[in-house]
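Chain by chain, the residues run as shown.
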Amino acid sequence: MKIAKILVDVPTRQTDRTFDYLVPAELFVECGMRVVVEFGRRKVTGFVVDFVDSTDFSGRLKEISEVIDDKPVLDQEQLKMAQFLAGQYFTFAVTNLWLMLPGMLKGKTEKYLIVHNLTDESLLPLFSEGTLRYDSKTLSATQQKKIRAALARNELEVVYSQSRVITKKYTEIINSKIALDDIPAEIDKLSKQNKYGQLFWQTVLTEGSPLAVKHLTKEIGIPRRVLTKLAQEGSIELSKVEIYRTPLAASPKKKSQLLTHTKEQSAAIKEIAASFDTDQTFLLEGITGSGKTEIYRALSEKVIKSGKKVIILVPEISLTPQMISFFQASFNDRIAVWHSRLSRGEQYDEWRRIKNNEVDLVLGVRSAIFVPLKDLGLIVVDEEHEKSYRQSENPQYDARELAKWRGNYHSCPVIFGSATPTLTSRAKAERQIYRLIRLDKRVNPNGHLPTVQIVDLRDRNNRSSKIFSEDLKRAMLERFERKEQTILFLNRRGYANFLECRNCGYTFNCPNCDVSLTLHLFEHRLSCHYCGYKCAIPMSCPNCHETDLRSFGDGTEKVEEEIKQLNPEITTIRMDRDTTSRKGSYQKIISQFEHHEADILVGTQSVAKGLNFPEVTLVGVLNADISLNRPEFDASEVTFDLLTQVAGRAGRGQTAGKVIIQTYNPNHYAIKEAKDQNYERFFREEMYLRRLHGYLPYYYTIFIKVTSKEEMLALKTALDLQKLLSENKNEQTQILGPAPYYIKRINNEYTYQLALKYKKDEKMKMTLHEIIDQTQSNNKVKINISNVTC
DNA sequence: AGCACGCCGACT
DNA sequence: GTCGGCGTGCTC
Ligand SMILES: [Zn+2]
Ligand SMILES: [Zn+2]
């Protein structure tokens, strides 16, 4: 019998390898299909990744129990990509495979128990519905033992089924049984009173067959009973066909306008097109408004004409209806969109359209890098500096790395586009690894650039309140008078992030974490942003019982309150994680603000940046230092990117906008260069510091976080790791730590962190893989690894 | 991750 | 005696 190598869906270090299974002759199995196999004493889902003739397993091989798919759901490239991910990001092979499937196919093989004739009465309540979803976590040990006994007596039966059922959408159609040529004769046979019969055949004559029943009943106005009767008579046939659930708007058939290209655009297109059959990476460094998107479109057109496909990655926030219709205008329904707002059904159907070769271009967010397009001719990563291209949860893959991997696999060019490229990309361009193309001119040179003012928060004379400087306050009130809109950024949600007793100095901290509790006046709670702990706002100090409590660290809620005090007529709208967590609420806030239902939008950077509103003529960054002072090596870069983006966009309409940046560090280079929109100078200054401190792009960094409920165990494990790694690394690699993580205790778990700075050290990476296998065998310690390369 | 096995203290 | 808690080890 044939032998299949199978990755089982048991994501642990110890099972992170293939297991051999026999393929029964009656089963049709191919690589990339999902199967059900017996693993130990239970059944799990597995992926067939290879076939071999012999095994080196000494025991008796089991047979594959069941095949889930009738054709492969993963192709050869995706299987290879999963391997690459495992090596690069220290993740389980099987976890990587799930990453490439649409949500509808992500399911477990679940165990159910069916009752036959249960004699053990104590178990009866569990089986009130006749069956029980077996989950050892929710059943006590005693219950499990009793169930085992009942199974042995054949009073219960085990069945397995898939946790997720695939749904498809169907629509009803009619097929004419009468040939088109014979229809006029058919119409003649009908009596003049048969209004609907006449109408029906006329419609078939002009629009052809088949036709959607819904179209005939809703739009043409033929009653359903007429169609049923025609079907009974045998002159038409009613049937159901599948239709794709599509997120695309019923294409407004807006013809693409022929845009004339600037000299810079034409040159860029020409240069990249000349490299179509290489895997060259291009860095398209272009200021806001220099027309990068049109370059992507024009190149895509060339690629698709030659029979190849395109992936364009954009940040979630840029994937607007305007962006979609821009590409739709050129490529019609041959495009697919891919983002988290798709329903499970829509995503599944987009995935199948891609797999069935019905799509030439995929426009999507990070996870779109995994779509099964064959024959790629171009991959674009727009706004390549965006942090969201790296997934923050496991597996912590980086879509930019994968874009280059796929470019190499298909021998096609990759374009990284940004006004503020990552230091890594820009440095690679400097070393000729990437080809640098700069766009310094705006497509519309008459558009006004906003004026940028930096306000020194240390200047007491220019201070109106804790939050606003006089200048910003005045500017805001002016906009309100003129009925123009304002956006204010503050990277801190809630009312205040610190509550203190003025009498004894007691501070309210989270009982589970080493952080202060954030005050949320809107929902009347103190809450922890790290573990989710919530409690009522205390009226008095638990220590001295005084009631004089005071808050520090103003957040977005407090900003709204101060604006109300300034002028109660100004309406505000808040946009942060608290107001956008509900599905659709984000979209709703945007549309409300677009329709001028509020004068001022107060948002956190991470949620509200990158938005564009034509009536906004003032943008205020309330405290640039919050992002500048974050304890991360790229805090300056992130701040510069944000400020540059803000300063490049405000006031795109007729009037030039104004940007006010409030800071305690007005002379910081990240702030000064952002004001001047001078990326190149920022790049030089930041590179100097990165080199001095040995950070990216001079060194890659692997962060290893060791977490445990027992602090000493976390520390000891981290120390052991440090020792083992230091014996198995090359000279260039440096190990920093272990040190307590910047918040040592989160949710009553303690974290110690190691940082490995390396340039090229395969030995160290190998060792790390091996060590982890051994260390993580007990579940008292969690190890999290992020490999930061971009 | 499950799931079983085996060892040891405690309780009808 | 036997019940149940947890540590250990294996899964083709
Ligand atoms: Zn007190
Ligand atoms: Zn907490």
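Cut-offs used in this document
- Residues numbered from 1 in each chain as written.
- Chains lettered and ligands numbered in written order.
- Predicted model: local features only at pLDDT ≥ 70, side-chain atom pairs only at ≥ 80, totals over all residues.
- Heavy atoms only, no water.
- UniProt positions renumbered as here; feature names shortened; annotations may be inferred.
- Helix = DSSP H or I, 4+ residues; strand = E, 2+ residues; numbered from the N terminus.
- Rg over C-alpha atoms; globule rule 2.2 N^0.38 Å.
- Buried < 20%, exposed > 50% of the residue type's maximum accessible area, 1.4 Å probe, protein only.
- Contact = heavy atoms within 4.5 Å.
- Areas by Shrake-Rupley, 256 points an atom, 1.4 Å probe, with all protein chains shown as cover.
- Lys, Arg positive; Asp, Glu negative; His and termini not counted.
- Charge placed at Lys NZ, Arg CZ, Asp CG, Glu CD.
- Donors = N, O, S within 2.8 Å, 3.2 Å for Na, K, Ca; no water.
- Tetrahedral: all angles 85-135°; square planar, octahedral: opposite > 155°, others 65-115°.
- Near = heavy atom within 4 Å.
- Polar contact = N/O pair within 3.5 Å; in protein donor to acceptor, adjacent residues only side chain to side chain.
- Nonpolar A, V, L, I, M, F, W, Y, C, P; charged D, E, K, R; others polar.
- 1 Å grid on protein atoms, 1.4 Å probe; cavity = no way out; pocket = protein on both sides within 12 Å on 5 of 7 lines; lining within 4 Å.
- Points joined across faces, edges and corners; volume = space filled by probe spheres on them.
- Domains from an automatic or database assignment.
- Expected span 1.5 Å × (residues − 1).
- Arc of directions from axis to C-beta.
- Pairing = 2+ DSSP bridges.
- Axes fitted to C-alpha atoms, helices over the stretch in contact; angles between N-to-C directions.
- Core = buried A, V, L, I, M, F, W, Y, C linked by side-chain atoms within 4.5 Å.

- Chain A is annotated in an unreviewed UniProt entry as Replication restart protein PriA from Xylocopilactobacillus apicola.
- UniProt's Subunit (unreviewed entry) comment on chain A is quoted here verbatim: "Component of the replication restart primosome."

1. Details of the overall build of chain A
No. 1: Helices and strands together make up the secondary structure of chain A, namely 24 helices and 33 strands.
No. 2: Computed over C-alpha atoms, the radius of gyration of chain A comes to 31 Å, within 12% of the 28 Å expected from 2.2 N^0.38 for 790 residues, which places it in the range of a compact globule.
No. 3: Here chain A, with 790 residues, has 50% of them falling under the buried criterion.
No. 4: Considering only contacts in chain A between residues 6 or more positions apart, those separated by 24 or more positions represent 72%.
No. 5: Accessible surface computed for chain A: about 38,200 Å², of which carbon and sulfur atoms make up 49%.
No. 6: Charge-centre separation for chain A: the mean point of 113 positive side chains lies 0 Å from the mean point of 100 negative side chains.

2. Quick word on the coordination of the zinc ion (ligand 2)
No. 1: On the protein side, the zinc ion (ligand 2) has Cys-510 (SG), Cys-513 (SG), Cys-528 (SG) and Cys-531 (SG) as donor atoms, found 2.2 to 2.3 Å from it.
No. 2: The coordination sphere of the zinc ion (ligand 2) comprises 4 donor atoms, whose angles at the metal cover 104 to 113 degrees; the geometry is tetrahedral.
No. 3: Site description for the zinc ion (ligand 2): donor spacing in sequence, C-x2-C-x14-C-x2-C. Residue Cys-513 is found in the loop between β21 (496-501) and β22 (518-520), and its partner Cys-528 is found in the loop between β23 (525-527) and β24 (534-536); the two are separated by 15 residues along the sequence.
No. 4: Residue Cys-528 is classed as buried on the basis of its relative accessible area of 4%.

3. Side note on the protein's contact with DNA strand C
No. 1: Near DNA strand C lie 14 residues; those nearest to it are Arg-17, Asp-20, Gly-40, Phe-57 and Lys-62.
No. 2: Restricting attention to atoms of DNA strand C within 4 Å of the protein, one finds that 46% of them are sugar or phosphate atoms.
No. 3: Side-chain polar atom of Tyr-21 to a phosphate oxygen of DNA strand C: 3.2 Å apart, as the coordinates give it.
No. 4: One nitrogen or oxygen atom from the main chain of Glu-38 is found 3.3 Å from a phosphate oxygen belonging to DNA strand C.
No. 5: Elements represented by at least two residues in the surface near DNA strand C include exactly β2 (18-23) and β3 (34-39).
No. 6: Among the elements that line the surface near DNA strand C, the one with the most residues is β2, at 3 residues.
No. 7: Split by residue class, the surface near DNA strand C holds 5 nonpolar, 4 polar and 5 charged.

4. Focus on the layout of surface pockets
Vacant regions in the atomic arrangement are exposed by a probe of water-molecule size rolled over the atoms.
No. 1: Quantified by volume, the second largest pocket comes out at close to 950 Å³.
No. 2: Along the wall of the second largest pocket there are 25 residues; nearest its centre are Arg-42, Lys-43, Lys-111, Tyr-134 and Tyr-160.
No. 3: Contributing elements (two or more residues each) for the lining of the second largest pocket: β4 (42-52), β6 (109-115), α3 (141-152) and β8 (156-162).
No. 4: For the lining of the second largest pocket, the residue count by class is 9 nonpolar, 4 polar and 12 charged.

5. Digging into the domain arrangement of chain A
No. 1: Each assigned domain of chain A is listed here: domain 1 (2-105), domain 2 (169-248), domain 3 (252-439), domain 4 (451-496 + 553-688) and domain 5 (700-788).
No. 2: One C-alpha centre belongs to domain 2, the other to domain 5, and the line joining them spans 68 Å.

6. Focus: the coordination of the zinc ion (ligand 1)
No. 1: Bound to the zinc ion (ligand 1) are the protein donor atoms Cys-501 (SG), Cys-504 (SG), Cys-541 (SG) and Cys-544 (SG), situated 2.3 Å from the metal.
No. 2: In this structure, the zinc ion (ligand 1) is surrounded by 4 donor atoms whose angles at the metal cover 104 to 114 degrees, and the resulting shape is tetrahedral.
No. 3: Motif for the zinc ion (ligand 1), donor spacing along one chain: C-x2-C-x36-C-x2-C. Taken together, the positions of Cys-504 in the loop between β21 and β22 and Cys-544 in the loop between β24 and β25 (549-554) put the pair 40 residues apart, joining distant regions of the chain.
No. 4: Accessibility expressed as a relative area gives 24% for Cys-544, which makes it partly exposed.

7. Examining the protein's contact with DNA strand B
No. 1: If you check the shell around DNA strand B, you find Val-10, Thr-12, Gln-14, Arg-41, Arg-42, Lys-111, Tyr-134, Ser-136 and Arg-148 and nothing else.
No. 2: Sugar plus phosphate: this is where 64% of the atoms of DNA strand B within 4 Å of the protein reside.
No. 3: Between DNA strand B and Arg-148 there is a distance of 3.2 Å, counted from a phosphate oxygen to a side-chain nitrogen or oxygen.
No. 4: When its residues are assigned to classes, the surface near DNA strand B shows 2 nonpolar, 3 polar and 4 charged.

8. A short note on α3
No. 1: In a regular helix each residue adds 1.5 Å, so 12 residues correspond to 16 Å; α3 covers 17 Å between its end C-alpha atoms and thus fits that length.
No. 2: Buried within α3 we find Gln-144, Ile-147 and Ala-150. In a view along the axis of α3, the buried residues occupy a sector of 120 degrees, so they form one face of it. Exposed residues on α3 whose side chains face more than 90 degrees from its buried face are Ala-141, Lys-145, Arg-148 and Ala-152.
No. 3: Each element contacted by the buried residues of α3 is listed here: β6, β7 (131-133) and β8.
No. 4: Following α3 by one or two positions, Asn-154 adopts a phi angle in the positive range, close to 60 degrees.

9. Topic: the sheet that holds strand β19 (residues 451-456)
No. 1: Spatially, the 6 strands line up as an open sheet ordered β19-β29-β28-β20-β27-β26, and their pairing is parallel. If you trace the sheet from one side to the other, it starts and ends with β19 and β26 (572-575), each paired once. The average undirected angle you get between the axes of adjacent strands in this sheet is 15 degrees.
No. 2: Across 4 bridges, strand β28 (residues 616-621) lies against strand β29 (residues 658-663) in parallel orientation.

10. Some remarks on the nonpolar core
No. 1: With 48 residues, the main nonpolar core has Val-362, Ile-369, Phe-370 and Tyr-397 as its most contacted residues.
No. 2: Of the residues that make up this core, three or more belong to each of domain 1 (2-105) and domain 3 (252-439).
No. 3: The residues contacting Val-362, other than those within four sequence positions of it, are Val-310, Ile-311, Ile-312, Ala-336, Trp-338, Ile-354, Ala-368, Val-371 and Leu-373.
No. 4: Core analysis: the second largest hydrophobic core is formed by 36 residues, Ala-598, Leu-642, Ala-670 and Tyr-679 among them.

11. Section: the pairing of β29
No. 1: The buried count for β29 comes to 5 of 6 residues, which makes it a mostly enclosed element.
No. 2: Pairing between β19 and β29: 6 bridges, direction parallel. Paired with Ile-454 across the strands is Ile-661, a residue of β29.

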